[in-house]
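Residue-level listing of the chains:
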Amino acid sequence: MPSYRDFHRLSIDDPETFWREQARRIHWDTPFDTVLDRSNPPFARWFVGGRTNLCHNAVDRHLADRAQQNALVYVSTETGIERRYTYAELYAEINRMAAVMRSLGVKRGERVLLYLPMIPEALFAMLACARLGAIHSVVFGGFAAPSLAARIDDAKPVLIVTADAGARGGKVIDYTPLMDEALARAKHQPAHVLLIDRQLAPERLNATYLVAYEPLREQFFDAHVPCEWLESNEPSYVLYTSGTTGKPKGVVRDVGGYAVALAASMEYIFQGRAGDTMFTASDIGWVVGHSYIIYAPLLAGLTTVMYEGTPIRPDGGIWWRLVEQHRINLMFTAPTALRVLKKQDPALLKKSDLSSLRTLFLAGEPLDEPTSAWIADALGKPVVDNYWQTETGWPILAIPGGVEALPPKLGSPGVPSYGYDVTLRNEATGDECTPGEKGVIAIGYPLPPGCMKTVWGDDARFVSTYWSSVPGHQLYSTFDWGIQDEDGYVTILGRTDDVINVAGHRLGTREIEEALSSHAAVAEVAVVGVTDVVKGQVAFAFVVVRDAQQFADDKARNKLASELMKTVDRQLGAIGRPARVLLVSMLPKTRSGKLLRRAIAALAEGREPGDLPTIEDASALTMVRDALAGR
Ligand code: ATP
Ligand code: MG
């Protein structure tokens, strides 16, 4: 194996040779004639002329060797249901679903919107779409009717697949009234709505749309639906970004490039081998769910664990019991889940046999050092951060352990993955930063296979949003701000609009948050910039403590605030010291667990945060308001 450096170099200097080799990982019904078409930058087409199919590669191809291996282990702690599907059984279920969809008029190139909870049928439906060459668009189950309606109007599906209800933390969320309202609001109307009845809630769906899945599944029980061989660059799915910074963008993914990129990432980044078991605790509504619950593990012949429930029900030991029961080798989740677990009894972690587990991967938001150190220590296993976006589909920054055993560095998700020509750029001049200098994380043309092809239905927006913000260069902007060291490791300092300017000093909110979270009392923290007449901007810190009872009175709170300010002074200097430290019991987040710093900043400046369709719990805004008002 070459060194990471040589490996990365080759991928950038000679992407044709590099990716031609990687493309052998998947089955091509017709070989491609061109590895990379760069005739129309910033658009790139990979494996042009090649014909393949994601479902064939994820399922059919494994039947020869692993028909009796589990492909999917499904566990719901909400309903108590546990099911296992071998690759042979998965094949059968996907064919039934594909036949049902076909009978409802779904064809190649058409969109199918999935508004589903974490049930096996969600995975069947995604792969059935892939089989038919239809484009799935998964909308996170539980999004409110206006968000759902906006996505229906944007994706214009011929079919919607939904369920009677989702469940979270013991509460049933009726989907059908939400769907009815969304359809009433949407301009576009699907031909049918296919309903998976979990018998959790009475269905109230408008009868004119309704088609029940179960009787049709029976009717097509023995169906075999051939895979539609798609040209590598045809769309496989549309997935909307989390909407942390504004209106979600419909990210379009291709077929061949995505399959190749994910298969390669399983070896080089996640080090998952055929026969391993992987548990990605995320949701199919997010990109991590698409790539690492569904496609990548199955493409690589693993067993994937799909979990409906929270990390703390019935208690905070549930995930670790799953590791023991299912001999899980790889786990992948978001730091937000660990911060929830950190508040639980640490003894729960020690009760299960974790010997099968090799690595815990984390992505999605900054991993603060205390949380990372806490979990690594508690588990006794490597905890590996990786950084990416819905847009890229797989990690931009990671520790490519399958290439070279680079040591992780606390606070950094790692080095640029092969295929990504990452540079840090000065926001004002577009010049490349020197090591240690802060800048915007940018990626050179072309983006590697697996990354977004365009914005759904809006090529111009793809160019203007992503490729036009670094002065003087046509570079892809991540809109994240970071710093790269001499060894190439990048630390994320926050989103570019989260950078604050205190008396002429540019500070990433993440830097201040990192300092604050090193205090033992802190469970979670959000720092935002607030306009200030003297300094331009000052930082406000909103802190969730681990044990609220300890800080019930003003005296204890004030003492904590001054300790926290001193902590920042020590680590960053007084320039980073928050002007105010406010205790709250919850922070406003998107449903994918990302902090809504813009909304907090708006409240701190006395403005209204505006529409927040992707917010997890709107009462968190009231808590921020109350804290600001000293209530
Ligand atoms: P929108 O683009 O609609 O505002 P979003 O950016 O929150 O939504 P995602 O694509 O789900 O939607 O999130 C990607 C972002 O998450 C990254 O750009 C980065 O800001 C953050 N992120 C992801 N992984 C990490 C990580 N390991 N460390 C720090 N930040 C991360
Ligand atoms: Mg984004």
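Notes on the structure follow. All of these numbers come straight from a predicted model, not from anything done at the bench.

## With respect to the packing of helix 6 (residues 120-132) against helix 11 (residues 287-299)
Put simply, helix 6 and helix 11 touch, their axes get as near as 12 Å, and they point 60° apart. Here helix 6 is positioned oblique relative to helix 11, judged by the angle of their axes. Pair helix 6 / helix 11 crosses with right-handed handedness. Contacts between helix 6 and helix 11 involve Leu-123, Met-126, Leu-127 and Ala-130 on the former and, on the latter, His-290, Ile-294, Tyr-295 and Leu-298. Residue classes in the contact of helix 6 with helix 11 are distributed as seven nonpolar, one polar and no charged.

## Section: the packing of aromatic side chains
In the structure shown here, the tally under the stated rule is 38 aromatic pairs. When the centroid spacing of 6.4 Å and the interplanar angle of 10° are considered together, the rings of Tyr-237 and Tyr-295 count as stacked. Of the two residues, Tyr-237 is situated in strand 14 (residues 237-240) and Tyr-295 in helix 11; the sequence distance between them amounts to 58 residues. Relative accessible area serves as the criterion here: at 1%, Tyr-295 is assigned to the buried category. For the pair Phe-270 and Phe-332, a centre-to-centre distance of 5.4 Å together with 35° between the ring planes defines the contact as tilted. Residue Phe-270 is located in the loop between helix 10 (256-268) and strand 16 (277-280), and its partner Phe-332 is located in strand 18 (residues 330-333); the two are separated by 62 residues in the primary sequence. Judged by relative accessible area, which is 1%, Phe-270 ranks as buried. Assessed through its relative accessible area of 1%, Phe-332 is described here as buried.

## Some remarks on the site of ligand 1
Ligand 1 sits among 20 residues. The nearest are Thr-241, Thr-244, Thr-245, Thr-390 and Asp-480. A distance of 2.6 Å separates an oxygen atom of ligand 1 from a polar side-chain atom of Thr-241. Measuring from a nitrogen atom of ligand 1, one finds a side-chain N or O atom of Asp-385 at 2.9 Å. Coverage of ligand 1 by the protein amounts to 94% of the 640 Å² it exposes when considered alone. Per-class residue counts for the shell around ligand 1 are four nonpolar, nine polar and seven charged.

## As for the pairing of strand 9 (residues 165-168)
For a regular strand, the rule is simple: side chains alternate between the two faces of the sheet. In the sheet, strand 9 pairs with strand 10 (residues 171-174) via four bridges, with the strands oriented antiparallel. Note that in strand 10 the partner of Ala-167 across the bridge is Val-172. Hairpin remark: strand 9 followed by strand 10, antiparallel, with two residues in the connecting loop; positive phi at Gly-169, about 60°.

## Details of helix 18 (residues 554-572)
A turn of α-helix holds 3.6 residues, and therefore any two residues three or four places apart point the same way. Spanning 19 residues, helix 18 covers 27 Å between terminal C-alpha atoms, matching the ideal 27 Å at 1.5 Å per step. For helix 18, every residue scored as buried is listed here: Ala-556, Leu-560, Ala-561, Leu-564, Thr-567 and Val-568. For helix 18, the arc enclosing every buried residue in end-on projection is 135°, short of the 170-degree limit, so these residues lie on one face. Those residues of helix 18 that are exposed and aimed more than 90 degrees away from the buried face are Asp-554, Lys-555, Asn-558, Lys-559, Lys-566 and Arg-570. Packing partners of the buried residues in helix 18 comprise helix 17 (509-517), strand 30 (522-532), strand 31 (536-545) and strand 32 (580-583). Residue Asp-553 occupies the N-cap position of helix 18, its side-chain oxygen lying 3.1 Å from the main-chain nitrogen of Lys-555. In the segment just after helix 18, Gly-573 is the residue with positive phi, at about 100°.

## Quick word on the environment of Phe-7
Relative to the helices and strands, Phe-7 resides in helix 1 (residues 4-13). On a C-alpha basis, the gap between Phe-7 and Ile-615 in space is 41 Å, while along the polypeptide they are 608 residues apart. In this view, Phe-7 contacts Met-1, Pro-2, Phe-18, Gln-22, Tyr-268, Val-403 and Tyr-418; residues no more than four positions away in its chain are not counted.

## Digging into the nonpolar core
Met-101, Leu-127, Leu-194, Tyr-292, Tyr-295 and Trp-394 are the most contacted members of the largest nonpolar core, which has 123 residues in total. Looking at this core, the element that brings in the most residues is helix 6, giving 10 residues. In terms of nonpolar packing, the next biggest core, distinct from the first, is built from 27 residues, Val-75, Ala-281, Leu-338 and Leu-360 among them.

## Overview of the sheet that holds strand 24 (residues 438-443)
The sheet built from four strands is open, its strands ordered 23-24-26-27 with antiparallel pairing. The open sheet is flanked by strand 23 (422-425) and strand 27 (490-495), the only strands paired with a single partner. Pairs of neighbouring strands in the sheet enclose a mean axial angle of 45°, with direction left out of account. Note that strand 26 (residues 476-484) and strand 27 share five bridges and pair antiparallel. Residue pairing for strand 27: Gly-482 is matched across the bridge by Ile-492. Packed onto the sheet, helix 17 meets strand 24 and strand 27 and runs at close to 105° relative to strand 27.

## Things to note about the packing of helix 17 against helix 18
Packing of helix 17 against helix 18 leaves a shortest axis separation of 8 Å and a crossing angle of 120°. By the angle class used here, helix 17 and helix 18 are oblique. Handedness of the crossing formed by helix 17 with helix 18: right-handed. Here Glu-511, Ile-512, Ala-515 and Leu-516 of helix 17 lie close against helix 18, whose contacting residues are Leu-564, Thr-567, Val-568, Gln-571 and Leu-572. Across the contact of helix 17 with helix 18, the residue classes break down as six nonpolar, two polar and one charged.

## With respect to unusual backbone geometry
Looking along the chain, the bond that leaves Pro-41 and enters Pro-42 is cis, with omega of 5°. Of note, Pro-42 is situated in the loop between strand 1 (34-37) and strand 2 (45-48). Note that the residue after Arg-313, namely Pro-314, is joined by a cis bond; omega there is 0°. Here Pro-314 lies in the loop between strand 17 (303-308) and helix 12 (318-326). In this structure, Lys-156 takes a positive phi of about 50° despite not being glycine. For Lys-156, the position within the fold is in the loop between helix 7 (145-155) and strand 8 (159-163). Assessed through its relative accessible area of 42%, Lys-156 is described here as partly exposed. Backbone geometry places Gln-271, a non-glycine residue, at a positive phi of 50°. One can find Gln-271 in the loop between helix 10 and strand 16. Taking relative accessible area as the criterion, Gln-271 reaches 36% and is therefore assigned partly exposed.

## Quick word on the pattern of salt bridges
Under the criterion given, the structure shown has 38 salt bridges. Here Arg-217 makes a salt bridge to Glu-218, at a shortest N to O gap of 3.7 Å. The partner of Arg-631 in a salt bridge is Asp-626, and the shortest N-O contact between them spans 2.8 Å. In this structure Arg-631 comes out as exposed when scored by relative accessible area, which is 67%. Taken together, the shared-partner salt bridges in this structure form one network comprising Glu-93, Arg-96, Glu-214, Arg-217 and Glu-218.

Rules behind the numbers
- Per chain, residues are indexed from 1 in the order of the written sequence.
- Both sets of labels track the order of writing: A upward for chains, 1 upward for ligands.
- Thresholds applied to this predicted model are a pLDDT of at least 70 for local features of residues and 80 or more for the giving and counting of side-chain atom pairs; totals over whole chains, interfaces and linings are not thresholded and use all residues.
- Each side-chain value is derived from all of the structure's non-hydrogen atoms; neither hydrogens nor water enter the calculation.
- In this analysis an axis means a line fitted to C-alpha atoms, helices contributing only their contacting stretch, and an angle means the value between N-to-C directions, from 0 to 180 degrees.
- Comment: elements are numbered from the N terminus, with helices defined as DSSP H or I runs of at least four residues and strands as E runs of at least two.
- What sets the label is the angle itself: under 35 degrees gives roughly parallel, over 145 gives roughly antiparallel, 65 to 115 gives roughly perpendicular, and the rest give oblique.
- Each crossing gets its hand from how the near helix is turned against the far one by less than a right angle, where anticlockwise is left-handed and clockwise is right-handed.
- Two residues form a contact once any of their heavy atoms are found within 4.5 Å.
- Three classes are used: nonpolar for Ala, Val, Leu, Ile, Met, Phe, Trp, Tyr, Cys and Pro, charged for Asp, Glu, Lys and Arg, and polar for all others, with Gly counted as polar.
- Pairing of aromatic rings covers Phe, Tyr and the six-membered ring of Trp, with a centre-to-centre limit of 6.5 Å; geometry is then stacked below 30 degrees between planes, edge-to-face above 60, and tilted otherwise.
- Type-normalised accessible area, obtained with a 1.4 Å probe on protein chains alone, sets the label of each residue: buried when under 20%, exposed when over 50%, and partly exposed for intermediate values.
- Proximity is defined per residue: if any heavy atom of the residue lies within 4 Å of a molecule or strand, that residue is considered near it.
- Between N or O atoms, a polar contact is any pair within 3.5 Å; within protein, one atom must be a potential hydrogen donor and the other a potential acceptor, and residues adjacent in sequence are included only when both atoms are from side chains.
- In short, Shrake-Rupley with a 1.4 Å probe defines the accessible areas, and a residue's cover is counted only from the protein chains shown.
- Strands pair, by our definition, only if DSSP identifies at least two bridges between them.
- Expected helix span is given by 1.5 Å per residue-to-residue step, counting one fewer step than there are residues.
- Think of the arc as the fan of directions from the helix axis to the C-beta atoms.
- The definition of a nonpolar core used throughout is a set of buried Ala, Val, Leu, Ile, Met, Phe, Trp, Tyr and Cys residues joined through side-chain atoms within 4.5 Å.
- What makes a salt bridge here is a side-chain nitrogen of Lys or Arg within 4 Å of a carboxyl oxygen of Asp or Glu, nothing more.

None of the figures reported here should be taken as evidence of function without further support.
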